[in-house]
Amino acid sequence: MTILYILVPAALAVIFVAVLAFGWAARRGQFDDLETPAIRMLRDDLTAATRQSPPPGPERED
Amino acid sequence: MSATLAEPVTRSGLSCVHCGLPVPSPATALPEADGPFCCAGCRTAWQVIHAAGLGEYYASGDRRLAAVTPSGRRYDEYDHPSFESLYGTTLPDGTREIALYLDRVHCASCVWLVERVPLAVPGALAAELDVPRSLATIRWNPGVTSLGTIARFLDQLGYPSHPFQGGRGEANRRAEDRTMLLHIGVAGAIALNVMTLALALYAGWFGSMEAEYTRYFRWLSMALTVPAVVWPGRVFFTSAWGALRARRLHMDVPIALALGAGTLRGVVNTVAETGPIYFDGVVTLIFLLLVGRFLQQRAQRSAADAAELLHGLTPHTARLVTGAGVEEVPSRSLVPGVTVEVRPGDTVPADGIAREGRSALDLSVLTGESAPVSVGAGEPVFAGTVNLGATIRVEVTQAGEASRLGRILRELEAGMRRRAPVVHTADRLAGWFVAAVLVLAAVTYLVWSRRDPTVALDNAIALLVVTCPCALALATPLTFTAAIGRAARQLVLIRGADALEVLSRPGQLVLDKTGTLTEGRLALETWIGGAGLEPVVLGLERHSRHPIAAAFARAWPTRTAAVIEDPASTLGAGVTGRGGDHRYAIGSVAFVLARAIDPNRLADRIPGHQTGVLLARDGVVVAAAGFGDPLRTDSMAAVARLGERGWTIGILSGDAPGAVAAVGARLGIPPERVRGGVTPEGKLAAVRELAARGPVVMVGDGVNDAPAIGAATVGVGVRGGAEACLAAADVFLAKTGLGPLVTLFEGAERTMAVVRRNIAVSIGYNLVGAALAVTGTIDPLIAAVMMPVSSLTVILLSVRSKTFEAPR
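Now for a look at the structure at hand. Computed from a predicted structure; not experimentally measured.

**Let's talk about the overall build of chain B**
Item 1. Of the regular secondary structure elements, chain B holds 27 helices and 27 strands.
Item 2. The 808 residues of chain B split such that 54% are buried.
Item 3. Intrachain contacts of chain B at a sequence separation of at least 6 include 67% that bridge at least 24 residues.
Item 4. Accessible surface for chain B amounts to roughly 33600 Å². Of this, 59% is attributable to carbon and sulfur atoms.

Right, here's the structure in full:
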């Protein structure tokens, strides 16, 4: 069971890295708004064609 | 285009190509090659979206089902240097950033549209929307475009904006939230690991664990627990210390006591290598309590945002008339005696007297009435009202804080500050709880020190730890958070748990009339005249922008408008025109009678509390119409239901006393509790007077109700009017009608029942635990099982209980 002297600290080291990652994400504001990103992806992005050539005036779509 | 949309079956069979709502009637449909549109607002939005190359907005069937109503504001103040310094920030690269509160954002298409602003407005660099808070963060290049341009663009799409006093306070709060999350993360990671270690220790308790590994695990637990107590757990100690210094007891005192005693005893026992360590209990406690606290704080946050929005109601710049012309100045620099110019779409910057010009003003900010009111030279105008008609010049009599709006806002703030804090049930219990636990611990120690001094201290500490009101402290915020979340799904938005506690017990309920009990818009209630005249009326009224015109169109959706030649509209009075061989005049009683040769008695048949409209053909009055503000369909049932629940209901309204009394009588409210013709200041005084007798709940819909809403124990805002100004309310009903009000009161009652049940359950656990500790039979295993089980029970009870579910 001597292996515990290596395994437990190793496990704790992994947890420490996870906590660091969580702290990084929290400080970057990844958890500030949990609602909007979920809604944002519901609509597709503009296609390249529409983005490149905005028509000059009101136009009809058929 | 419209062929690709699902077209709902309507009377006219058409649906608006922008919002998808049914087009009410061919009479109101705007004849358009691209159309049909339900209203001018939707047509503008459609054109703007296509002009910006965002036609893909219509590619998906999912979009906002609401007609676009632009506010008509000009947003010139957004481009004033003082505005920038008040609300915005300049980034290091020279671009600027601002947070704007947008009205009416709710859905996925709103996010899509608002965040496409950079594609539509050259110079706008980024736009990001935070839906739960309705905040849009916009970054733009001041060299290319102006914030006013961006704000006008958003307004045309149906998102009027208000500046949000972000910047400093906002950054602080964000940082605070993030730190709290980090604490939760650290505490959670440590708690799970200490529990794993504890599990091994408990398993070893039965089996044969070598002493070497037992010691190793105990020291590891300690090494993990101490940082958790010192870092994330510190908040409980500082908070308890603060409470003790203020000579008050709240929930944090017993918590800090348990955490402190448990940790110290655990450390001593680890070093001495005897007795129980309490580390697993301690860290789980810290983790769960932090989660509870975080949830509670998030809910209360938004209340603070709200008060700031009110300041967006007053304009920041004014057009000062000088000898050399018109000059734009900050409205703070206005002094009584100067003259300002107010153009159409402008907000009146100060109180004053109109000197030149005639126009119609939207006074809804002060009166709650949506109908425009006409003003002429010599008549008073008030800050915050919006000019809808023509340019007028106003001599300033009172500006800034001294204006009527300034005073109302100040009263509102004062009311919100003075509001008596609601004592939470859990906190009220905490005092007794601490006293009982301390006495019990002392008794345990004394009794055991006579019988067996070696275990006396351990038993006393076991008592402190096991009776820690974890479940109690976690249960209340969790239940409230779960209930608030459920309520939000039913469009009842609640800020803070205080409101729920007050609403659960019957008290005094004060309702506003216009827009709350009633529709808040005119409807045809009396019509004396032949059906043959209806097309003529519609034809004439097509040339008027008065709300009466819209009310006629709503009343007769199936009629076609007659063709009227030579129409002439007099602002706020009426319309004249020629149809066939006849000359017609329609409008207010005075307007028509002044043009009539035969003023017969038709006008007298309109009931007194209704707004009268006459129609004259070739000088003969041939028809009369009476308009009123009809009761909402669910008002009657809601008032009856709340009355049954024991609420004392009254009405306070700014409308004419006659009309208010009529509504009160129909709802069966005793006349002594129904008051009409009350000013915003009067409403405030009345609510204060009632508040002296007990908790008051005020329900209203406009800025004129805002001071009273602020002064009431709980203020409820109903949908309609400017959403930003009602954000000051504790509860906001985002669904029209009074039905949600009943949902709110019944939900609050069920929520408090759940809270009480949770408190009972957790006290039950504590009693059992205390009994075991006092008798000295508690061992670490039982404590380890009881801790999480009690917390889990309470969490499940809180989250699963149907507080705001629609019955059945």
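Further notes follow.
**Remarks on the packing of aromatic side chains**
Item 1. Scanning the entire structure with this criterion turns up ten aromatic pairs over all chains.
Item 2. Where tyrosine 57 of chain B meets tryptophan 112 of chain B, the ring centres are 5.9 Å apart and the plane angle is 35 degrees; that geometry is what we call tilted. Taken as a pair, tyrosine 57 of chain B in the loop between α1 (40–51) and α2 (81–87) and tryptophan 112 of chain B in helix α3 (residues 108–114) lie far apart in primary sequence, 55 residues in all. The same class applies to tyrosine 57 of chain B as to tryptophan 112 of chain B, namely buried.
Item 3. Their ring planes at 85 degrees and their centres at 4.9 Å tell us that phenylalanine 552 of chain B and phenylalanine 627 of chain B sit as a pair that is edge-to-face. In this pair, phenylalanine 552 of chain B is assigned in helix α19 (residues 547–555) and phenylalanine 627 of chain B in strand β22 (residues 620–628), connecting sequence segments 75 residues apart. As far as burial versus exposure is concerned, phenylalanine 552 of chain B and phenylalanine 627 of chain B are alike and both buried.
Item 4. Members of the aromatic cluster, joined through ring pairs, are Tyr5 of chain A together with Tyr213, Tyr216 and Phe217 of chain B.
Item 5. When the ring centre of phenylalanine 382 of chain B is taken as reference, the NZ or CZ atom of arginine 404 of chain B above it lies at 5.1 Å.
Item 6. Over the ring of tryptophan 448 of chain B we find arginine 451 of chain B; its NZ or CZ atom is 5.0 Å from the centre of that ring.

**A word on unusual backbone geometry**
All names here are of chain B.
Item 1. Phi at glutamate 273 takes a positive value of approximately 60 degrees, unusual for a residue other than glycine.
Item 2. In this fold, glutamate 273 is placed in the loop between α9 (252–272) and α10 (279–309).
Item 3. Given a relative accessible area of 44%, glutamate 273 falls into the partly exposed group.

**As for the pattern of salt bridges**
Item 1. Under the counting rule described, the total for this entry stands at 14 salt bridges over all chains.
Item 2. Across the salt bridge formed by aspartate 32 of chain A and arginine 174 of chain B, the nearest N and O atoms sit 3.2 Å from each other. Here arginine 174 of chain B lies in helix α6 (residues 167–206) and aspartate 32 of chain A lies in the loop between α1 (4–27) and α2 (36–40), a pairing that spans two chains.
Item 3. Across the pair arginine 645 of chain B and glutamate 749 of chain B runs a salt bridge whose closest N-O atoms are separated by 3.0 Å. With arginine 645 of chain B in the loop between α21 (635–644) and β23 (648–652) and glutamate 749 of chain B in helix α26 (residues 739–774), this residue pair connects regions lying 104 residues apart in the sequence.
Item 4. When its relative accessible area of 25% is taken as the criterion, arginine 645 of chain B is described as partly exposed.
Item 5. Here glutamate 749 of chain B falls in the partly exposed class, since its relative accessible area comes to 33%.
Item 6. Shared partners join several salt bridges into a network, and the residues in it are Arg641, Arg645, Glu746 and Glu749 of chain B.

**Let's talk about the side chain of arginine 404 of chain B**
All names here are of chain B.
Item 1. Structurally, arginine 404 is set in helix α12 (residues 404–418).
Item 2. A polar contact is formed between the side chain of arginine 404 and the side chain of glutamate 681, at a distance of 3.4 Å.
Item 3. What arginine 404 contacts, discounting residues up to four positions off in sequence, is Asp351, Leu366, Phe382, Thr679, Pro680 and Glu681.

**Here we look at the nonpolar core**
Residues and elements named next belong to chain B.
Item 1. Of all hydrophobic cores here, the largest spans 77 residues; its most connected members are Ile494, Val731 and Leu741.
Item 2. Per-element tally for this core: the top contributor is α26, with ten residues.
Item 3. Those residues in contact with valine 731, other than ones at most four positions away along the chain, are Val492, Leu493, Ile494, Ala499, Leu503, Val714, Gly715, Val716, Gly717 and Leu744.
Item 4. In this structure, Val48, Tyr75, Leu102 and Ala124 belong to the second largest nonpolar core, which totals 48 residues.

**A short note on the environment of leucine 667 of chain B**
Residue and element names in this part refer to chain B.
Item 1. Structurally, leucine 667 is set in helix α22 (residues 657–667).
Item 2. Separated by 150 residues in sequence, leucine 667 and leucine 517 have C-alpha atoms that sit 9.6 Å apart.
Item 3. Aside from chain neighbours lying at most four places away, what touches leucine 667 is Leu517, Leu631, Ser635, Met636, Val639 and Ile651.

About the criteria used
- Numbering of residues starts from 1 in every chain and runs along the sequence as written.
- Each chain is given a letter, starting from A, and each ligand a number, starting from 1, according to the order in which they appear as written.
- Residues qualify for local features only when their pLDDT is at least 70, as the model is predicted, and side-chain atom pairs are given and counted only at 80 or more; totals for whole chains, interfaces and linings, by contrast, use all residues.
- With hydrogens and water excluded, all non-hydrogen atoms of the structure serve as input to the side-chain values.
- We count a stretch as a helix when DSSP gives it H or I for four or more residues in a row; a strand needs E for two or more, and each element gets its number in order from the N terminus.
- When a residue's accessible area, from a 1.4 Å probe over protein chains only, is under 20% of the maximum for its type it is buried; when over 50% it is exposed; and in between it is partly exposed.
- Contact definition: two residues touch when any of their heavy atoms are within 4.5 Å.
- Here the accessible surface of atoms and residues is derived via Shrake-Rupley with a 1.4 Å probe, and residues count as covered only by protein chains that are part of the display.
- For Phe, Tyr and Trp, rings pair up if their centres lie within 6.5 Å, where Trp contributes its six-membered ring, and each pair is then called stacked (planes under 30 degrees apart), edge-to-face (over 60) or tilted (otherwise).
- Charge-over-ring contacts are defined here by two conditions on Lys NZ or Arg CZ: a distance within 6 Å of the ring centre and an angle within 35 degrees of the ring normal.
- A side-chain nitrogen of Lys or Arg and a carboxyl oxygen of Asp or Glu constitute a salt bridge if their distance falls within 4 Å.
- Definition of a polar contact: a pair of N or O atoms within 3.5 Å, with one able to donate and the other able to accept a hydrogen when the atoms are protein atoms, and with sequence-neighbouring residues admitted only if both atoms are side-chain atoms.
- Working definition of a nonpolar core: buried Ala, Val, Leu, Ile, Met, Phe, Trp, Tyr and Cys residues. They are joined through side-chain atoms within 4.5 Å.

Keep in mind these numbers describe shape, not what the thing actually does.
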